[in-house]
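Inside the fold
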Amino acid sequence: MLLVLDRNASPEPATASSPLEDIAHLPDVQSILQVCARVTGMRYTVVAHVTDKRWLACAVLDEVDFGLPVGGELPIKTTLCDEVRAGRETIAFDHASADPRWRDHHTPKAYGLESYIAVPIILSDGEFFGTLCAIDPKPARASAPETVAMFELFAKLIAAQLEASRRLAVSEAALLDARETADLRDQFIAVLGHDLRNPLAAIDAGTALLAQPEPESRTDSILGEMRNSVRRMERLINDVLDFARGRLGGGLSLRRRHADDLPQMLAQVVEEVRAAHPHATILTSIEIASPVSGDPDRLAQLTSNLLANAVTHGDPRHPVRLDVRAGDRLFELSVANHGQPIPDHIRPRLFQPFNRKGSGEVREGLGLGLYICSQIAAAHGGSLNVTSDERETRFDFRMPLPASAKPAQTLQAVG
């Protein structure tokens, strides 16, 4: 038998929405193919996905060594299934070489077929999925009314099972999404309520003290503490807004520009973190040899979050290191600290929202810092990864840069 395979066709990817997976999930397809083969005596039966561009075998029973397995393709214009798709009607013949209509047709000649039947598989919304087909190099009673009726009944059954399977997949996805949304909502309410309570209580206490007679002796310190509480609340609210943009708005928005002032901005971030953590030692190396096209405010935010995370969780006896490089069409930023490695069970959810390392730990913030960092990285077309062992924990951010020959701006600082 002459079999002409489409050598230029790419195998259908086995994704959850691919025709191969759609048919593989149906429980009765192989039984249907076996019944069709036994009743007709035809030795190659197939469920094919058929479009105007391809013919794809999705389920196969091959007892004649036709050589076309699941995932195999044929040039669509060489098949009779293309005619079934165009007319949406069954085609069947028993003995092609003795049939005036089919003896000179190119398909029976090309594939050495004598008997053939293909019935359309059409979903209730009118979508043409493909065909239930049987072929054989020997004559068979493919066009008998009872054979055609059986094939058409099985095609309707396959269509009904496909629709039921798709509805189930959509329902399961919607249920999973609803559960995830409910979990996030509960976490959001609980964490936000907990973390806003402390600065609000501090402000309330400060106003109560200022309302007392003769508060002048402590006015400056009370106002300072209240200002710190307001700044903390502002940070929490900004994190919430970034979370909402990233989660609901399809990602963080950027204001891209050539950030020529990025070295100075990152140096300022380092000084701010040092001021907030005066006992921490932060070593920096910033070398930018190519213009960085991005949102410098977001890149500064990413750096601030990573440094604050490193200072909070690192061993205070060892310095935190910030290394920044831009050259060879790549921007790289890493923050490293010493200390206990991140436990294996935490790493998979490290960049998820509301994640806090360790239970019962008192931490400032909503557990959104690393999540926001990952969103900033993604918005820049880059990646954020973590490595952690007994020696150090390091977060690496990388993003591609356009080619450029701009001279380097270098800033070295130790503190």
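Structure: above.
Residues numbered from 1 in each chain as written. Predicted model: local features only at pLDDT ≥ 70, side-chain atom pairs only at ≥ 80, totals over all residues. Heavy atoms only, no water.

1. Details of the packing of helix α7 (residues 262-276) against helix α8 (residues 296-313)
Viewed as axis vectors pointing N to C, α7 and α8 meet at an angle of 30 degrees, and their least axial separation amounts to 9 Å. Compared by their axis directions, α7 and α8 come out roughly parallel. Crossing handedness for the pair α7 and α8: right-handed. Contacts from Leu262, Met265, Leu266, Val269, Val270 and Val273 of α7 reach α8 at Pro296, Asp297, Leu299, Ala300, Thr303, Ser304, Leu307 and Val311. (Axes fitted to C-alpha atoms, helices over the stretch in contact; angles between N-to-C directions. Helix = DSSP H or I, 4+ residues; strand = E, 2+ residues; numbered from the N terminus. Parallel < 35°, antiparallel > 145°, perpendicular 65-115°, else oblique. Left-handed = near helix turned anticlockwise from the far one by under 90°. Contact = heavy atoms within 4.5 Å.)

2. Topic: the packing of aromatic side chains
Enumeration according to the criterion identifies 5 aromatic pairs in this entry. Geometrically, the ring pair formed by Tyr44 and Phe66 is tilted, given 4.8 Å between the ring centres and 50 degrees between the ring planes. Of this pair, Tyr44 sits in strand β1 (residues 44-50) while Phe66 sits in the loop between β2 (55-62) and β3 (73-74), and the two are 22 residues apart along the sequence. The two residues Tyr44 and Phe66 agree in class, both being buried. Taken together, a centroid distance of 6.0 Å and an interplanar angle of 65 degrees make the contact between Phe331 and Phe397 edge-to-face. Residue Phe331 is found in strand β11 (residues 330-337), and its partner Phe397 is found in strand β13 (residues 393-400); the two are separated by 66 residues along the sequence. Every member of this aromatic cluster is reached through a ring pair, and the members are Phe93, Trp102 and Tyr116. (Phe/Tyr/Trp six-rings, centres within 6.5 Å; stacked < 30°, edge-to-face > 60°. Buried < 20%, exposed > 50% of the residue type's maximum accessible area, 1.4 Å probe, protein only.)

3. Looking at the pattern of salt bridges
Under the counting rule described, the total for this entry stands at 21 salt bridges. Ionic pairing is found between Arg257 and Asp261, a salt bridge with its closest N-O pair at 3.2 Å. Taking the relative accessible area as the measure of exposure, Arg257 reaches 36% and is therefore partly exposed. Here Asp315 and Arg317 are joined by a salt bridge, their closest N and O atoms 2.8 Å apart. (Salt bridge = Lys/Arg side-chain N within 4 Å of Asp/Glu carboxyl O.)

4. So, the pairing of β2
Counting buried positions along β2 gives 7 out of 8 residues, so the element sits mostly inside the fold. Relative to β2, β1 runs antiparallel, the two being bridged by 7 bridges. By the bridge assignment, Val46 is partnered in β2 with Val60. What sits between β1 and β2 in their antiparallel hairpin is a turn of 4 residues. (Pairing = 2+ DSSP bridges.)

5. Looking at the sheet that holds β3
Here 6 strands make up an open sheet; going across it, the order is β3-β2-β1-β6-β5-β4 and the pairing antiparallel. Bordering the open sheet on either side are β3 and β4 (91-93), each of which pairs with just one other strand. In the sheet, β2 pairs with β3 via 2 bridges, with the strands oriented antiparallel. Residue pairing in the sheet places Leu56 in a bridge with Glu73 of β3.

6. Observations regarding α8
Taking 1.5 Å as the rise per residue, α8 with 18 residues should run 26 Å; its terminal C-alpha atoms sit 26 Å apart, in good agreement. Listing the buried residues of α8 in full gives Pro296, Arg298, Leu299, Ala300, Gln301, Leu302, Thr303, Leu306, Leu307, Asn309, Ala310 and Val311. Sitting at the head of α8, Asp295 places a side-chain oxygen 3.1 Å from the backbone nitrogen of Asp297. (Expected span 1.5 Å × (residues − 1). Polar contact = N/O pair within 3.5 Å; in protein donor to acceptor, adjacent residues only side chain to side chain.)

7. Things to note about empty space enclosed by the protein
Scanning the entire structure with this criterion turns up 2 cavities of 30 Å³ or more. Of the voids in this model, the largest cavity is the one considered here, and its volume is about 120 Å³. In this structure, the largest cavity is lined by 15 residues; those nearest its centre are Trp55, Leu74, Leu113, Tyr116 and Ile135. For the lining of the largest cavity, the secondary-structure elements that each account for two or more residues are β1, α4 (106-111) and β6 (128-136). Residues that form the lining of the largest cavity fall into these classes: 12 nonpolar, 3 polar and no charged. (1 Å grid on protein atoms, 1.4 Å probe; cavity = no way out; pocket = protein on both sides within 12 Å on 5 of 7 lines; lining within 4 Å. Points joined across faces, edges and corners; volume = space filled by probe spheres on them. Nonpolar A, V, L, I, M, F, W, Y, C, P; charged D, E, K, R; others polar.)

8. A few points about the packing of α8 against helix α9 (residues 369-379)
Closest axis-to-axis distance for the α8/α9 pair is 9 Å, and the angle between their directions is 145 degrees. Crossing angle aside, the handedness with which α8 passes α9 is left-handed. Packed against α8, whose contacting residues are Arg298, Gln301, Leu302, Asn305, Leu306 and Asn309, the element α9 presents Gly369, Leu370, Ile372, Cys373, Ile376 and Ala377 at the interface.

9. Some thoughts on helix α2 (residues 29-40)
Counted at 1.5 Å a residue, the expected span for α2 with its 12 residues is 16 Å, and the 17 Å between its end C-alpha atoms agrees. Here α2 has its buried residues at Val29, Ile32, Leu33, Cys36, Ala37 and Thr40. Summarising the axial view, the buried residues of α2 lie within an arc of 130 degrees, below the 170-degree limit, and thus occupy one face. Exposed residues lying more than 90 degrees from the buried face of α2 are Arg38 and Val39. One or two residues past the end of α2 sits Gly41, with phi positive at roughly 80 degrees. (Arc of directions from axis to C-beta.)

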